[in-house]
Amino acid sequence: QVQLEESGGGLVQAGGSLRLSCAASGLTFSNYHMGWFRQAPGKERESVASISVTGGTVYKESVKGRFTISRDNAKNTVFLQMNSLNPEDTAVYYCAANWLVTSTKAENYDYWGQGTQVTVSS
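I will try to describe carefully the structure that is included in this document. Here the structure is a predicted model, which means the values were calculated and not measured.

## As for the state of the cysteines
Thought 1: Counted by the stated rule, this structure contains 1 disulfide.
Thought 2: The partner cysteine of C22 in its disulfide is C95, sulfur to sulfur 1.9 Å. Residues C22 and C95 are joined by a disulfide whose S-S torsion is about 40°; by sign, that bridge is right-handed. Of the two residues, C22 is situated in strand 3 (residues 18–25) and C95 in strand 9 (residues 91–98); the sequence distance between them amounts to 73 residues.
Thought 3: The class for C22 is buried, based on a relative accessible area of 0%.

Pasting the structure below:
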């Protein structure tokens, strides 16, 4: 079956960096558009960044210039490099895969990981 496994979360001070990874299995990774979402306590899940099968990217406005999404099809892995983190970035971060379209809408994604916690202290 399809599995997405996130790693790389943790506790970091404001201004610091983290690199999240999401390893995929059970699917033809290169055929799937990938996305990173996050959900903070009491808030809705929101799109952070997405990357198409051809490498096109879309970012949430507040992370542009700080976060970079990338993919390595040979390793079936999608990454999220997060720099200049601030406390507002604190959330559980999820990766997701969708076969049809690059999208910022969670409902368009078919498969989800379990999430990794990112906590940014001030």
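## A few points about the pattern of salt bridges
Thought 1: Tallied over the entire structure, the rule returns 5 salt bridges.
Thought 2: In this structure, K64 engages E61 in a salt bridge whose closest nitrogen and oxygen atoms are separated by 3.0 Å.
Thought 3: Accessibility expressed as a relative area gives 45% for K64, which makes it partly exposed.
Thought 4: For E61, a relative accessible area of 60% corresponds to the exposed category.
Thought 5: A salt bridge links D89 to R66, with the nearest nitrogen and oxygen atoms 2.8 Å apart. With a gap of 23 residues between them, D89 in the loop between strand 8 (77–82) and strand 9 and R66 in the loop between strand 6 (57–59) and strand 7 (67–72) connect regions that are remote in the sequence. Exposure class is identical for D89 and R66. Each is buried.
Thought 6: Look at the salt bridges and you will find they share partners, linking R38, E46, K60, R66 and D89 into a network.

## Structural notes on the nonpolar core
Thought 1: Core analysis: the biggest nonpolar cluster contains 28 residues, and W36, V78, L80, M82 and Y93 have the highest contact counts within it.
Thought 2: Going through the elements one at a time, strand 3, strand 4 (33–39), strand 5 (46–51), strand 7, strand 8, strand 9 and strand 11 (116–121) are the ones with two or more residues in this core.
Thought 3: Those residues in contact with V78 that sit more than four places away from it in its chain are L20, S21, C22, F29, M34, W36, I51, I69, S70, R71 and C95.

## Some details on the environment of L20
Thought 1: Structurally, L20 can be placed in strand 3.
Thought 2: With 49 residues separating them in the primary sequence, L20 and I69 have C-alpha atoms 9.4 Å apart.
Thought 3: Residues in contact with L20, not counting those within four places in the same chain, are S7, G8, G9, W36, V78, F79, L80, M82, Y93, T116 and V118.

Rules behind the numbers
- Residues numbered from 1 in each chain as written.
- Predicted model: local features only at pLDDT ≥ 70, side-chain atom pairs only at ≥ 80, totals over all residues.
- Heavy atoms only, no water.
- Disulfide = S-S within 2.5 Å.
- Helix = DSSP H or I, 4+ residues; strand = E, 2+ residues; numbered from the N terminus.
- Buried < 20%, exposed > 50% of the residue type's maximum accessible area, 1.4 Å probe, protein only.
- Salt bridge = Lys/Arg side-chain N within 4 Å of Asp/Glu carboxyl O.
- Core = buried A, V, L, I, M, F, W, Y, C linked by side-chain atoms within 4.5 Å.
- Contact = heavy atoms within 4.5 Å.

By themselves, these observations are geometric and do not establish any function.
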